[in-house]
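Observations on the model geometry
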Amino acid sequence: MAKFLVQKSEPLYGEVHVSGAKNSVLPLMAAAILNDEKCRIYEVPRLLDVTVMEEILMSLGGKIDFQEDGTLDIDMSGMNSTEVGFDLASKMRASFLVMGPLLAKKGHVKLFMPGGCTIGARPVDLHLKGFEALGAEIDRKSDSFVEAKAGPHGLIGASIYLDFPSVGATENIMMAAVLADGVTYIENAAEEPEIVDLANFLNKMGASIKGAGTDTIKIEGVKELKGTAHTVIPDRIETGTFMLAAAITRGEILIKNIVPDHVRAIAAKLRECGVVVELTDEGLYVNGGMNPLVATDIKTLPYPGFPTDIQSPFMSFLTTVEGSSTVIETVFENRFMHVAELNRMGANIRTKGNRAMIQGGKNLEGARVLATDLRAGAAMVLAGLVASGTTEISEIYHVERGYEDFVEKFRSLGANILRIED
Ligand code: UD1
């Protein structure tokens, strides 16, 4: 099993280029199912999750060409299956995103239940509720797979209210509705930038989607979609991770290829702590060493609120800042598994329900810790950079699922990190 060895490092310094967004590219790839021509996606990051989605599309009969420069061509014209088996579906939760497109395009889908990061129950009821509202018949008899069929005339437009603005459910329902007969409204929709990116991609393919990025999305069904080319948006969670890397090491990083609006909440919270975050012509300049730092509280929320995916990296940072702070997680249950790992490194964090109380300003010490999920893995690396001695991080496949060139990028900024095969 591969591990990261992280040693106490000097403040990180330099420039870093952010890759295309993992959470955007996965739904874009699934959306390619909806047309019979070729789709080209630029700036696709080389990640395990992208490879899994490629394998899923190929298992359905698609052809994929992924070039060195991050250009991905997807040709689904030869699609000859509507089933995704356990081996692939269990590898990541985003495998579920092929359900909407398959149902819309082929009127049938059978999918084994998705896997992915172990952060709470993560049900798919909102996705299924949406498909049912569009007239699909869902077979839920088995716990291990779900099968759905559209009616004889395909899916039919409907009004769907989401009990929670789920990102995946909004994307899946949007993709199902683009070829439906009539108009669909998704209310209390997720407003994340990845939803807007997907809607832009679908509209370029000929779909008619309005309101993406607000809480009400209107989709007028069209008869067919055509191939298109699209550049994926920069990864706002990777951007946030490097912002935290500058903050926790009291370093100075210029982060390039960013959309400032997408990281507004993270920037606001870092500024509250005294970290300098400035937009320049070249990118986002973050300096954690200019001012004395103070603690702050954070509460995760759907976009444009503070992102749950930056909760654990931010918590690593808070352990290094003098004073007490509270972190409230409202998006996922059970997303505090990194707390035990940080405490193993000498942090002082207590949890009660979805609330974590941090007594900051502790000197962290290197320890053997786990990357309990993708973002928690990044949080451990950040903590390791300021902890005395060596931090040995296991289960790093989680990190490699979601960050492109993780070790190389950190090393280029002066981080003392190595990836070793145990
Ligand atoms: C996506 C992101 C993930 C991010 C999350 C929240 C991708 C590939 N992943 O995950 O990185 O952490 O958004 O910003 O884009 N829920 C239900 N029923 C459902 C669906 C969701 O109860 O049918 C709940 C979930 O259990 C969770 C909450 O809604 O508590 C948010 O989940 P959701 O927004 O769907 O996250 P994902 O799309 O899985």
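What this report covers is the structure whose coordinates are included nearby. (Residues numbered from 1 in each chain as written. Predicted model: local features only at pLDDT ≥ 70, side-chain atom pairs only at ≥ 80, totals over all residues. Heavy atoms only, no water.)

**Describing the overall build of the protein**
- The helix and strand tally for the protein stands at 14 helices and 24 strands.
- Computed over the C-alpha atoms, the radius of gyration of the protein is 21 Å, within 12% of the 22 Å expected from 2.2 N^0.38 for a compact globule of 422 residues.
- Residue burial in the protein is summarised as follows: out of 422 residues, 58% are buried.
- Counting every atom, the protein has about 16,500 Å² of accessible surface; 48% of that belongs to carbon and sulfur. (Helix = DSSP H or I, 4+ residues; strand = E, 2+ residues; numbered from the N terminus. Rg over C-alpha atoms; globule rule 2.2 N^0.38 Å. Buried < 20%, exposed > 50% of the residue type's maximum accessible area, 1.4 Å probe, protein only. Areas by Shrake-Rupley, 256 points an atom, 1.4 Å probe, with all protein chains shown as cover.)

**Considerations on the site of the ligand**
- Of all residues adjacent to the ligand, which total 17 residues, the nearest are Asp 125, Leu 126, Ser 166, Asp 309 and Val 331.
- Contact between the ligand and Leu 126: an oxygen atom at 2.7 Å from a main-chain N or O atom of the residue.
- Within the backbone of Val 331, a nitrogen or oxygen atom sits 2.6 Å from an oxygen atom of the ligand.
- Notes on the ligand: free accessible area 730 Å², of which the protein chains cover 86%.
- When residues of the shell around the ligand are traced back to their parent elements, those giving at least two are helix 5 (125-133) and helix 6 (167-177).
- Here the shell around the ligand takes three residues from helix 5, the largest share from any one element. (Near = heavy atom within 4 Å. Polar contact = N/O pair within 3.5 Å; in protein donor to acceptor, adjacent residues only side chain to side chain.)

**Thoughts on the pattern of salt bridges**
- Within the structure shown, the criterion is met by 21 salt bridges.
- In this structure, the salt-bridge partner of Glu 55 is Lys 91, at a minimum N-O distance of 3.8 Å. Of this pair, Glu 55 sits in helix 2 (residues 48-59) while Lys 91 sits in the loop between helix 3 (86-89) and helix 4 (99-106), and the two are 36 residues apart along the sequence.
- Overall, Lys 91 belongs to the partly exposed group, its relative accessible area being 43%. (Salt bridge = Lys/Arg side-chain N within 4 Å of Asp/Glu carboxyl O.)

**Things to note about the nonpolar core**
- Among the nonpolar cores identified, the biggest contains 77 residues, and Leu 34, Met 174 and Leu 202 are the most heavily contacted of them.
- If we ignore the near neighbours within four places in the chain, the residues touching Met 174 are Ile 186, Ile 195, Leu 198, Ala 199, Leu 202, Ile 209, Ile 217 and Ile 219. (Core = buried A, V, L, I, M, F, W, Y, C linked by side-chain atoms within 4.5 Å. Contact = heavy atoms within 4.5 Å.)

**Some points on a nonpolar patch on the surface**
- Among the surface-exposed residues, Met 1, Leu 48 and Tyr 397 lie close enough to one another that they form a single nonpolar patch of about 330 Å² accessible area.
- Mapped onto the secondary structure, Met 1 falls in the segment before strand 1 (2-7).
- You can call Met 1 exposed: its relative accessible area is 64%. (Patch = residues over 30% accessible without salt bridge, like charges linked within 9 Å, V, L, I, M, F, W, Y side chains within 5 Å.)

**A word on the packing of aromatic side chains**
- The tally for this structure, following the rule as stated, stands at seven aromatic pairs.
- Measuring from centroid to centroid gives 5.4 Å for Phe 306 and Phe 314, while their planes differ by 90°, and the two rings are edge-to-face.
- Looking at Phe 306, the relative accessible area reads 5%, which means it is buried.
- With 4.8 Å between their ring centres and 45° between their planes, Phe 406 and Phe 410 make a pair best called tilted. On the criterion of helical spacing, the pair formed by Phe 406 and Phe 410 is a turn pair, its members being four residues apart in helix 14 (residues 406-412). (Phe/Tyr/Trp six-rings, centres within 6.5 Å; stacked < 30°, edge-to-face > 60°.)

**Focus: the sheet that holds strand 16 (residues 276-279)**
- An order of 2-15-17-16 is seen for the four strands of this open sheet, with the pairing classed as mixed. Looking at which strands have only one partner, the edges of the open sheet turn out to be strand 2 (13-17) and strand 16. Strand-to-strand twist across the sheet, computed as the mean angle between neighbouring axes with direction ignored, equals 15°.
- Taken together, the four bridges between strand 16 and strand 17 (residues 284-287) define a ladder with antiparallel strand orientation. Paired with Leu 279 across the strands is Leu 284, a residue of strand 17.
- Against the sheet, helix 8 (residues 236-249) contacts strand 2, strand 15 (252-256), strand 16 and strand 17, and its axis sits at roughly 165° relative to strand 15. (Pairing = 2+ DSSP bridges. Axes fitted to C-alpha atoms, helices over the stretch in contact; angles between N-to-C directions.)

**Some points on empty space enclosed by the protein**
- Taken as a whole and judged by the stated rule, the model has one cavity of 30 Å³ or more.
- Put simply, the largest cavity is a space of about 40 Å³.
- Mapped by element, the contributors of at least two residues to the lining of the largest cavity are helix 1 (22-31) and helix 8.
- In the lining of the largest cavity, the residues fall into two nonpolar, one polar and five charged. (1 Å grid on protein atoms, 1.4 Å probe; cavity = no way out; pocket = protein on both sides within 12 Å on 5 of 7 lines; lining within 4 Å. Points joined across faces, edges and corners; volume = space filled by probe spheres on them. Nonpolar A, V, L, I, M, F, W, Y, C, P; charged D, E, K, R; others polar.)

**Concerning the pairing of strand 4 (residues 63-66)**
- Side chains of strand 4 alternate between two faces, with Ile 64 and Phe 66 buried and Lys 63 and Asp 65 left unburied.
- Direction of pairing for strand 4 relative to strand 5 (residues 72-75): antiparallel, over a ladder of four bridges. Pairing of Ile 64 across the sheet is with Ile 74, part of strand 5.
- Linking strand 4 back to strand 5 in an antiparallel pair, the connection comprises five residues, with Gly 70 at a positive phi of about 90°.

**Comments concerning the side chain of Asp 49**
- With respect to the helices and strands, Asp 49 occurs in helix 2.
- Assessed through its relative accessible area of 2%, Asp 49 is described here as buried.
- Within the local environment of Asp 49, its side chain forms a polar contact with the side chain of Arg 401, the two groups lying 2.9 Å apart.
- Sequence-distant contacts of Asp 49, that is, excluding residues within four places in its chain, are made with Lys 22, Leu 26, Met 92 and Arg 401.

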